[in-house]
2 protein chains.
Amino acid sequence: MINIVVIGAGNVGIHLCKAINKAKDLTLKQWYNRSKIHKIDSLKDVPFTNDITNLEKADIYIICVSDSAIENLSNDIQFKNRLVVHTSGSVPMRNLNKKNRRGVFYPLQSLSKGIEISFINVPICIEANDKKDRQILQMVATAIGSPKYFIQSDQRKILHLAAVFVNNFTNQLYRISHELTDNKNINFDILKPLIAETSKKVQKLSPYKSQTGPAKRGDKKTIKQHIKLLEDYPTYKKIYELLTHSIQKTHG
Amino acid sequence: MINIVVIGAGNVGIHLCKAINKAKDLTLKQWYNRSKIHKIDSLKDVPFTNDITNLEKADIYIICVSDSAIENLSNDIQFKNRLVVHTSGSVPMRNLNKKNRRGVFYPLQSLSKGIEISFINVPICIEANDKKDRQILQMVATAIGSPKYFIQSDQRKILHLAAVFVNNFTNQLYRISHELTDNKNINFDILKPLIAETSKKVQKLSPYKSQTGPAKRGDKKTIKQHIKLLEDYPTYKKIYELLTHSIQKTHG
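Note that the structure is a prediction, hence the values are computed from the model and not measured. (Residues numbered from 1 in each chain as written. Chains lettered and ligands numbered in written order. Predicted model: local features only at pLDDT ≥ 70, side-chain atom pairs only at ≥ 80, totals over all residues. Heavy atoms only, no water.)

(A) Seen up close, the sheet that holds strand 5 (residues 83–86) of chain A. All names here are of chain A. Taken in spatial order, the 8 strands line up as 3-2-1-4-5-6-7-8 in an open sheet, and their pairing is mixed. In this open sheet, the two strands that pair with only one neighbour each are strand 3 (48–49) and strand 8 (148–150). Two strands pair when backbone bridges link them, and strand 6 (residues 101–107) and strand 7 (residues 124–128) are joined in this way by 5 bridges, in the antiparallel orientation. Paired with Gly103 across the bridge in strand 7 is Ala128. Packing against the sheet, helix 1 (residues 11–22) makes contact with strand 1 (2–7), strand 2 (26–32), strand 4 (60–63) and strand 6, and its axis sits at approximately 150° to strand 2. Most of the contacts of helix 3 (residues 131–143) go to strand 7, to which it runs at about 165°, and overall it touches strand 1, strand 2, strand 4, strand 5, strand 6, strand 7 and strand 8. (Pairing = 2+ DSSP bridges. Helix = DSSP H or I, 4+ residues; strand = E, 2+ residues; numbered from the N terminus. Contact = heavy atoms within 4.5 Å. Axes fitted to C-alpha atoms, helices over the stretch in contact; angles between N-to-C directions.)

(B) Helix 5 (residues 192–204) of chain B, seen in detail. Buried within helix 5 of chain B we find Lys192(B), Pro193(B), Leu194(B), Ile195(B), Glu197(B), Thr198(B), Ser199(B), Lys201(B) and Val202(B). Those residues of helix 5 of chain B hidden inside the fold are in contact with helix 4 (153–182) and helix 5 (192–204) of chain A together with helix 4 (153–182) and helix 6 (207–210) of chain B. (Buried < 20%, exposed > 50% of the residue type's maximum accessible area, 1.4 Å probe, protein only.)

(C) Looking closely at the pattern of salt bridges. All names here are of chain A. Under the criterion given, the structure shown has 16 salt bridges over all chains. The salt bridge involving Asp219 is made with Arg217; its shortest N-O contact spans 3.1 Å. Using a relative accessible area of 52% as the deciding quantity, one classes Arg217 as exposed. (Salt bridge = Lys/Arg side-chain N within 4 Å of Asp/Glu carboxyl O.)

(D) Examining the interface of chain B and chain A more closely. Between chain B and chain A, the contact holds 84 residues from the first and 84 residues from the second. When chain B packs against chain A, close to 8400 Å² is buried across both sides, 68% of that on carbon and sulfur atoms. When the buried area of chain B at its contact with chain A is split by residue, Phe165(B), Val166(B) and Ile190(B) rank highest and sum to 8% of it. Viewed at the interface, chain A and chain B are joined by 2 salt bridges. Measuring nitrogen to oxygen at the nearest pair gives 3.7 Å for the salt bridge that ties Lys184(B) to Asp154(A). (Buried area = accessible area lost by both parts, 1.4 Å probe.)

(E) Representation of the relation of the copies chain B and chain A. Between the two copies, chain B and chain A, the superposition gives an RMSD of 0.1 Å; the rotation angle is 180° and the shift along the axis is 0.0 Å. A rotation of that kind, with that shift, is consistent with a two-fold axis. Ranked by how close their C-alpha atoms come to the rotation axis, the residues of chain B are headed by Thr170(B), at 2.7 Å. Counting the interface residues of chain B, we find that 100% of their copies in chain A are interface residues as well, pointing to one common contact surface. (Least-squares fit on C-alpha atoms with pLDDT ≥ 70 in both.)

(F) Spatial organisation of the packing of helix 5 of chain A against helix 4 of chain B. Packing of helix 5 of chain A against helix 4 of chain B leaves a shortest axis separation of 9 Å and a crossing angle of 20°. In terms of their interaxial angle, helix 5 of chain A and helix 4 of chain B are classed as roughly parallel. The hand of the helix 5 of chain A/helix 4 of chain B crossing is right-handed. Between helix 5 of chain A and helix 4 of chain B, the contacting residues are Leu194(A), Ile195(A), Thr198(A), Ser199(A) and Val202(A) on the first element and Ala163(B), Val166(B), Asn167(B), Thr170(B), Asn171(B) and Tyr174(B) on the second. Its residues assigned to classes, the contact of helix 5 of chain A with helix 4 of chain B comprises 6 nonpolar, 5 polar and no charged. (Parallel < 35°, antiparallel > 145°, perpendicular 65-115°, else oblique. Left-handed = near helix turned anticlockwise from the far one by under 90°. Nonpolar A, V, L, I, M, F, W, Y, C, P; charged D, E, K, R; others polar.)

(G) Representation of the sheet that holds strand 8 (residues 148–150) of chain B. Residue and element names in this part refer to chain B. Spatial strand order, 3-2-1-4-5-6-7-8: 8 strands in an open sheet with mixed pairing. Each of the sheet's edge strands pairs with one partner strand only, and the pair in question is strand 3 (48–49) and strand 8. Relative to strand 6 (residues 101–107), strand 5 (residues 83–86) runs parallel, the two sharing 4 bridges. Across the sheet, the residue bridging to Val84 is Arg102, located in strand 6.

(H) Representation of the side chain of Asp133(A) within the structure. All names here are of chain A. Looking at the element boundaries, Asp133 is found in helix 3. The exposure class of Asp133 is buried, given its relative accessible area of 2%. With sequence-adjacent residues up to four places away left out, Asp133 is seen in contact with Leu83, Arg101 and Ala128.

Right, here's the structure in full:
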């Protein structure tokens, strides 16, 4: 049995607490947050504290606070030589105070409040200097059902950047389409099967092989027509031109 | 029973032929292509012709050829006053020769050779001047199991443009992420659950509400770090900056 203390009650903290609490090989020993939290039914029996000097003894402490708060929080921890990990994509492991054994347990997924997710779909990127610590983190990932990968800090930064492209930027392309269709009284639902299929295709085929459309086949007439349609949307026109150029560079 | 002749044997032609051939209320009367086609098992009993002057009598003729070939092909058809439709997202209905009753039957989906798709996931955008013709096209869409929408030519152009954003451009963002991770020996598979979740989220929640990440929350430190990581990728850096700007404009 691995005993865990979770620090923080944002999206990642809540989702992790729920997953740990359900896993049969893990015990959620304690949950810390600097302020009181709204009660969550499935977590009502987990001991809670808002006193950082009052953390229980455990095998791992998982820090789930905002990037800018990680370093200070790891300084405020009073004990030494225990395994303390953070869950951020962009903060280096070395930002954690070195009085403890350091590690990273980064769930690469978009976790939203109120939207349940199975951890089968949440890959965990693991980092730790010590081999035994890596094994413990690996066991935690396995216990909550997650795929796991060993990722160094410099690789994790790139992964986080890549995640912005496939998640935030992709979502903004959806938003642009929503705006374009709304303005012509077209039901955005018409595009939803295409959105689903595009992401499904790339699960098996490389994005390079999946590409189709006017940019790839050099269909100048259609590209010109599209750019004309975007006359009233200067930013979207630039995005169209730049991504068309990028596709042509990739496939040219 | 509705009798149909399909004209063309590209992706759309093949997928449509298969769907029509399977639908119990439809008969695929004949299949035309200008050159001989590779035999497809499920379509081996469908009468084939490569002579445009030799088309059978039918209730609908569905033209599935490249955009630039539609107009000439509709001129080459010898009969009059029958229902002839094309399947293109960007060609206006009026480009069809007016000696026949004109219409559009545009499947808004990414159809690839060799990848089977259920037409439940292929919305059909229908256009026709005549009410009865619209009804016939609607019946065909229903028979193959597709959701159907009545869409005018000017709306269809916008839909096609929006489809480029959610399909081709999104796929290019996947490609960029693939390149970034590959160059650091990171397994692209780590990002696949996030890709799936991003497209899934937007099926129920608007893209506006789904947005998260450094651009939306104005996390300048992370944005700066990301831009620095893209120093060796000038086009991707521009895409990062432009899409970050676009998200901030949407949510600012």
